[in-house]
Amino acid sequence: MVATVGVTFGHMENGYSGLHRGYIEGLAAAGAAVQVWPGENVNISGVGSAAKEMVAGVDAVVLTGGGDVNPARYGEESVSGRNYGIDDVRDAFEIAVVHEAMSQGKRILAICRGLQVANVALGGTLYQDVETAGFADHSRRDVEYDFAHEVTSPAGSLVARIFGEAFPVNSLHHQAVKVLANGLVPTATSSDGLVEAFEAGGLVGIQWHPERLLARDPRSSALFEWVVG
Ligand code: MN
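In short, a report on the structure. Every value quoted in this text rests on a predicted model; they were computed, and no experiment measured them.

## Considering the side chain of Thr-8
Next, step 1: Within the element layout of this structure, Thr-8 appears in strand S1 (residues 4–11).
Next, step 2: Setting aside residues no more than four positions away along its own chain, Thr-8 makes contact with Leu-19, Trp-37, Val-62, Leu-63, Thr-64, Arg-90, Phe-93 and Glu-94.

## Concerning the coordination of the manganese ion
Next, step 1: Protein-derived ligands of the manganese ion are His-138 (ND1), His-149 (NE2), Ser-171 (OG), His-173 (NE2) and Glu-196 (OE), with the metal-ligand distances lying across 2.2 to 2.3 Å.
Next, step 2: Here the donor residues for the manganese ion map to a single chain with the spacing H-x10-H-x21-S-x1-H-x22-E. Pair noted here: Ser-171 is in the loop between strand S8 (166–169) and strand S9 (176–177) and Glu-196 is in strand S11 (residues 195–200), with a separation of 25 residues, a long-range link.
Next, step 3: By relative accessible area, Ser-171 is classed as buried at 0%.

## A short note on the packing of helix H2 (residues 47–56) against helix H3 (residues 88–103)
For any two helices packed against each other, the geometry is given by the interaxial angle and the distance between the axes.
Next, step 1: Contact pair H2 / H3: the axes reach a minimum separation of 9 Å and the direction vectors enclose 50 degrees. Comparing their axes, H3 and H2 come out oblique. Crossing of H2 against H3: the hand is right-handed. Taking contact as the criterion, the partners of Val-47, Gly-48, Ala-51, Lys-52, Met-54 and Val-55 in H2 are, on H3, Ala-92, Phe-93, Ala-96, Val-97, Glu-100 and Ala-101.
Next, step 2: Of the residues contributing to the contact of H2 with H3, the split by class is nine nonpolar, one polar and two charged.

## With respect to H3
Next, step 1: Given a rise of 1.5 Å per residue, 16 residues ought to cover 22 Å, and the 23 Å separating the end C-alpha atoms of H3 matches this to within 8%.
Next, step 2: Taken as a whole, H3 has its buried residues at Arg-90, Asp-91, Ala-92, Phe-93, Glu-94, Ile-95, Ala-96, Val-97, Val-98, Glu-100 and Ala-101.
Next, step 3: Looking at the buried residues of H3, the elements they touch are S1, strand S3 (33–38), H2, strand S4 (60–63), strand S5 (107–111) and helix H4 (113–121).
Next, step 4: For H3, the N-terminal capping position is held by Asp-87, with its side-chain oxygen 3.1 Å away from the main-chain nitrogen of Val-89.
Next, step 5: After H3 finishes, the residue Gly-105 shows a positive phi value of roughly 70 degrees.

The rules behind these values
- Along every chain, residues carry numbers that run from 1 in the direction the sequence is written.
- Local features in this predicted model are restricted to residues whose pLDDT is 70 or higher, and side-chain atom pairs enter the listing and the counts only when it is 80 or higher, whereas totals over whole chains, interfaces and linings include all residues.
- In computing side-chain values, all of the structure's heavy atoms are included and hydrogens and water are not.
- Counting from the N terminus, the helices are DSSP H or I runs at least four residues long and the strands are E runs at least two residues long.
- Residue contacts are defined here by distance: any two heavy atoms, one from each residue, within 4.5 Å place the two residues in contact.
- Coordinating N, O and S atoms are those within 2.8 Å of the metal (3.2 Å for Na, K and Ca), and as water is not part of the atoms, a site may appear to have fewer donors than expected.
- Burial classification: accessible surface area is computed with a 1.4 Å probe over protein chains only, and a residue below 20% of its type maximum counts as buried, one above 50% as exposed, and the rest as partly exposed.
- To get an axis, fit a line to the C-alpha atoms, keeping to the stretch in contact for a helix; angles then go from 0 to 180 degrees between the N-to-C directions.
- Between 65 and 115 degrees an angle is taken as roughly perpendicular, under 35 as roughly parallel, over 145 as roughly antiparallel, and anywhere else as oblique.
- Take the far helix as the reference: if the near one is turned anticlockwise from it by less than a right angle, the crossing is left-handed, and if turned clockwise, right-handed.
- Classification convention: Asp, Glu, Lys, Arg as charged; Ala, Val, Leu, Ile, Met, Phe, Trp, Tyr, Cys, Pro as nonpolar; all other residues, Gly among them, as polar.
- In a helix, the anticipated span is given by 1.5 Å times the number of residues less one.
- Definition of a polar contact: a pair of N or O atoms within 3.5 Å, with one able to donate and the other able to accept a hydrogen when the atoms are protein atoms, and with sequence-neighbouring residues admitted only if both atoms are side-chain atoms.

Here's what the structure looks like:
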């Protein structure tokens, strides 16, 4: 039977909804049938029951890239000018999806914003802007489809089994994990000390963009194969 994977995404400021085609291509190549889940598809007052039913109807979930999580979700004021694309409905929906997928035993691949949402959903916090927090620029749009910086990964992790213990990634984020949620194990770290991946059972969070590296680094497809199962 074909595995079905629910893929979240959000709206863009031009009125369209946006999902990089690499997510679909990576999952399709891994044998999945994809359901796309725009956050706007749910009524925020019914977000919990919608997420429960939607997760029950799939075999796994992919949380994709996008705008910033509302800092109120982790108990901070928004630093003026350093948050963009905040979407409270998408935040609520994806946080509910994380909890539902974990309680229903479904795998989650959480990419970029997805990693940040999963960390916040489980009680962690974020740097609202890594550069002003003293880290290097990780918003490397100039190398969206190529390598921007190195990460290291502990032996035995899923990430290390796929990519090795030191490898290059792209980097299209300006936020990152500040306090990692209890129960999450960091499994990739950038040379300047940011969490670039974490794992916990059926949850894998990836701060870089494997959907944009399928051609440059074919190992990226193994993440989509993992979530399809
Ligand atoms: Mn990075």
